[in-house]
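These are the residues of each chain, in order.
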Amino acid sequence: MRSLIHSLRPVRSWAFLAVILFATGCITIEEHYTFKRNGSGTMEYVVDMTEMAEMMKSMDAMDKKAKGKDKSKDNDKEAPPAMGLEEQSKQLKGLEGIKKVKFKEEADGYLQRVSFAFKDLDALNRALNVLMPDSTGVQQTFFRWEGNTLVRISNKHAKEMGGDITSDADSSDLSSMMESMKYKYSFKFQDAIRDITLADGVKREDPKPKQVNLSTDWSVIMKDPKALDMRITLDK
């Protein structure tokens, strides 16, 4: 995540960039899953920093105004963050059991999506270790089935991401900064959901009997490394 922030103009301090990232929810991470009865499915991973893009544009406009109408600066546009998703999408294409890999950029690169189809949970776990690695280097079994119950166990990726960004932030601003960084994830099945076990601080919405939408923020994740763990039991 540090590489993401360091891709911005070096004249801006790390602490200042941290404030930009977290102000008004500047970054949202999303995971969206569909699961079929035969064990296959699809996954989409999203990094959304579009609110940050608008703030950076406003800052650029202020910079140009302060410098005067110097036409030599007119093409000096702010580069989007280097999120790394395009490179990760290339790695996904080489994984066994993974197909239909797509990478998409929107909003001048401040919104990036990677989607793919997986053959089974083994293939999905291989893909998630590419998308969400942590410092341990250990291959995590993110998902497994226990009968009719889908179990998710997270690694340290999300907590380490939050730690990287907030490491140089003023402690007085830390709580509000973490609360403004959102994490969303959704699950769709071919059978109705009977029961869900979630961590404290995770919000749940049930738009349909076979679908659940979940959301939390980094204030929850940093307090509880297992905040993204869950158990979803299907009615079948």
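Per chain, residue numbering runs from 1 following the sequence as it is written. Only residues with pLDDT of at least 70 get local features here, since the model is predicted, and only at 80 or more are side-chain atom pairs given and counted; chain-wide, interface and lining totals rely on the full set of residues. Hydrogens and water are ignored here; the side-chain numbers use all heavy atoms of the structure.

(A) Layout of a positive patch on the surface. Taken together, the side chains of Lys 36, Lys 99, Lys 100 and Lys 102 define a basic patch exposed on the protein surface. Each helix is a run of DSSP H or I of at least 4 residues and each strand a run of E of at least 2, with the numbering of both proceeding from the N terminus. By the element assignment, Lys 36 lies in the loop between strand S1 (28-35) and strand S2 (41-48). Each patch is built from residues that are more than 30% exposed by relative accessible area and take part in no salt bridge. Like charges join if they lie within 9 Å; nonpolar side chains (Val, Leu, Ile, Met, Phe, Trp, Tyr) join within 5 Å. Only the protein chains shown count as covering a residue, and every accessible area follows the Shrake-Rupley method with a 1.4 Å probe. Any carboxyl oxygen of Asp or Glu within 4 Å of a side-chain nitrogen of Lys or Arg constitutes a salt bridge here. Counted charges follow a simple rule, with Lys and Arg positive, Asp and Glu negative, and His plus the chain ends left uncounted. Charge positions come from single atoms, namely NZ of Lys, CZ of Arg, CG of Asp or CD of Glu.

(B) Layout of the sheet that holds strand S11 (residues 230-234). Pairing is antiparallel in the open sheet, where 4 strands are placed in the order S5-S6-S11-S8. The outermost strands of the open sheet, each flanked by one partner alone, are strand S5 (143-146) and strand S8 (193-198). In this sheet, adjacent strand axes meet at a mean angle of 20 degrees when their direction is disregarded. If DSSP finds at least two bridges between two strands, the strands pair. Of the pairings in the sheet, the one linking strand S6 (residues 149-152) to S11 comprises 4 bridges and is antiparallel in character. Looking at the pairing, Arg 152 lines up with Met 230 of S11. Lines fitted to the C-alpha atoms define the axes, with helices restricted to the stretch that makes contact. Angles between their N-to-C directions range from 0 to 180 degrees.

(C) Representation of the confidence of the model for the protein chain in the model. The quantity called pLDDT is the predictor's confidence in a given residue, expressed from 0 to 100. In this model, the protein chain carries a mean pLDDT of 82, and residues with pLDDT of at least 70 account for 72%. Whether two residues are in contact is decided by their heavy atoms, any of which lying within 4.5 Å being enough. Below a pLDDT of 50 lies the segment residues 1-17, which in the model reaches 44 contacts outside its immediate sequence neighbourhood of four places, other chains included. The model gives residues 71-75 a pLDDT under 50, and that stretch makes 3 contacts with residues more than four places away or in other chains.

(D) Representation of the sheet that holds strand S4 (residues 111-118). Pairing in this open sheet of 7 strands is mixed, and the strands run S3-S4-S2-S1-S7-S10-S9 from one edge to the other. Strand pairing shows two members of the sheet lacking a second neighbour, strand S3 (98-106) and strand S9 (203-208), which therefore form its edges. Averaged over neighbouring strand pairs, the angle between their axes works out to 15 degrees when direction is ignored. When S3 meets S4, the two strands line up antiparallel, connected through 7 bridges. Counterpart to Ile 98 in the pairing with S4 is Phe 118. Packing of helix H4 (residues 85-92) onto the sheet brings it into contact with S2, S3 and S4, and relative to S3 it is tilted by some 170 degrees. Relative to the sheet, helix H5 (residues 121-131) contacts S1, S2, S3 and S4, its axis offset from that of S4 by approximately 155 degrees.

(E) Inspection of the pairing of strand S7 (residues 182-188) at higher detail. The pairing of S1 with S7 spans 7 bridges and is parallel. When the sheet's bridge partners are listed, Glu 31 is paired in S7 with Tyr 185. Sheet topology note: the S7/strand S10 (residues 211-217) ladder contains 7 bridges and is antiparallel. Paired with Lys 188 across the strands is Gln 211, a residue of S10.

(F) Up close: the packing of H4 against H5. Close contact between H4 and H5 brings their axes to 9 Å; oriented N to C, the two are set at 150 degrees. Considering their axes alone, H4 and H5 lie roughly antiparallel with respect to each other. Along this stretch, H4 crosses H5, giving a crossing that reads as right-handed. Between H4 and H5, the residues in contact are Gln 88, Gln 91 and Leu 92 and Ala 127, Val 130 and Leu 131, respectively. Three classes are used: nonpolar for Ala, Val, Leu, Ile, Met, Phe, Trp, Tyr, Cys and Pro, charged for Asp, Glu, Lys and Arg, and polar for all others, with Gly counted as polar. For the contact of H4 with H5, the class distribution of residues is 4 nonpolar, 2 polar and no charged. An angle below 35 degrees is read as roughly parallel, one above 145 as roughly antiparallel, one from 65 to 115 as roughly perpendicular, and any other as oblique. Note on convention: the crossing is left-handed when the near helix lies turned anticlockwise from the far helix by less than a right angle, right-handed when the turn is clockwise.

(G) Representation of the packing of aromatic side chains within the structure. Aromatic pairing here means that ring centres of Phe, Tyr or Trp (its six-membered ring) are within 6.5 Å. Orientation follows from the plane angle: under 30 degrees is stacked, over 60 is edge-to-face, and everything else is tilted. Under the defined criterion, the tally for this structure stands at 12 aromatic pairs. Where Phe 35 meets Phe 189, the ring centres are 5.5 Å apart and the plane angle is 15 degrees; that geometry is what we call stacked. Residue Phe 35 is located in strand S1, and its partner Phe 189 is located in the loop between S7 and S8; the two are separated by 154 residues in the primary sequence. Burial classification: accessible surface area is computed with a 1.4 Å probe over protein chains only, and a residue below 20% of its type maximum counts as buried, one above 50% as exposed, and the rest as partly exposed. Of the residues examined, Phe 189 reaches a relative accessible area of 8% and is grouped as buried. Here a set of aromatic residues connected by ring pairs shows up, and it is made of Tyr 33, Phe 35, Phe 118, Phe 143, Trp 145, Tyr 183, Tyr 185, Phe 187, Phe 189 and Trp 218. Whether a charge lies above a ring is judged from NZ of Lys or CZ of Arg, which has to be within 6 Å of the ring centre and within 35 degrees of the ring normal. Taking NZ or CZ as reference, Arg 152 lies 5.8 Å from the ring centre of Tyr 185, over its face.

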